[in-house]
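Examining the three-dimensional arrangement
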Amino acid sequence: MNFCAWLVMQRKRLMLTQAQAAERCGVTLKAWQAWEQGVRAPVPRSKANICRGLQLDPCDPHWRL
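Computed from a prediction, not measured in an experiment: that's the story for all the values here. (Residues numbered from 1 in each chain as written. Predicted model: local features only at pLDDT ≥ 70, side-chain atom pairs only at ≥ 80, totals over all residues. Heavy atoms only, no water.)

Considering the pattern of salt bridges
Operational definition: Should a side-chain nitrogen of Lys or Arg be within 4 Å of a carboxyl oxygen of Asp or Glu, the pair is scored as a salt bridge. Numbering of helices and strands runs from the N terminus, with a helix taken as a DSSP run of H or I at least four residues long and a strand as a DSSP run of E at least two residues long.
Applying the stated criterion to the full structure yields one salt bridge. A salt bridge links Arg-11 to Glu-36; the shortest N-O distance between them is 2.6 Å. Taken together, the positions of Arg-11 in helix H1 (residues 3–13) and Glu-36 in helix H3 (residues 29–37) put the pair 25 residues apart, joining distant regions of the chain.

Below is the structure:
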């Protein structure tokens, strides 16, 4: 599973819309959409926000994809 699909799966696991996930993680909706579409990858600071917002493990191997 690639990073984009994994991120979508994590968001849907919590039953969040893209807008809700972005707000919960302190990022813009545009940034969130770009990550899910594979247009760009989150920077380290955003990764930390995503982990906190979606209760994810920062050591998960999907972050390295």
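Description of the nonpolar core
Heads up, the condition is: Buried Ala, Val, Leu, Ile, Met, Phe, Trp, Tyr and Cys residues form a nonpolar core when they are joined through side-chain atoms within 4.5 Å. Only protein chains enter the area calculation, which uses a 1.4 Å probe; residues under 20% of their type maximum are buried, those over 50% are exposed, and those in between are partly exposed. We call two residues in contact when some of their heavy atoms are within 4.5 Å.
In terms of nonpolar packing, the biggest core is built from 16 residues, with Leu-7, Trp-32, Trp-35, Ile-50, Leu-54, Leu-56 and Trp-63 touching the most fellow members. Contributions of two or more residues to this core are made by H1, helix H2 (18–25), H3 and helix H4 (44–54). Setting aside its immediate chain neighbours within four residues, Trp-32 contacts Leu-7, Arg-11, Gln-18, Ala-21, Ala-22, Cys-25, Val-27, Ile-50 and Leu-54.

Looking at H3
Restricting attention to buried positions, one finds in H3 the residues Ala-31, Trp-32, Ala-34, Trp-35 and Glu-36. Of the surrounding elements, those touching the buried residues of H3 are H1, H2 and H4. Downstream of H3 by one or two residues, Gly-38 has phi in the positive range, about 80°.

Such coordinate-based values are descriptive only and should not be taken to indicate function.
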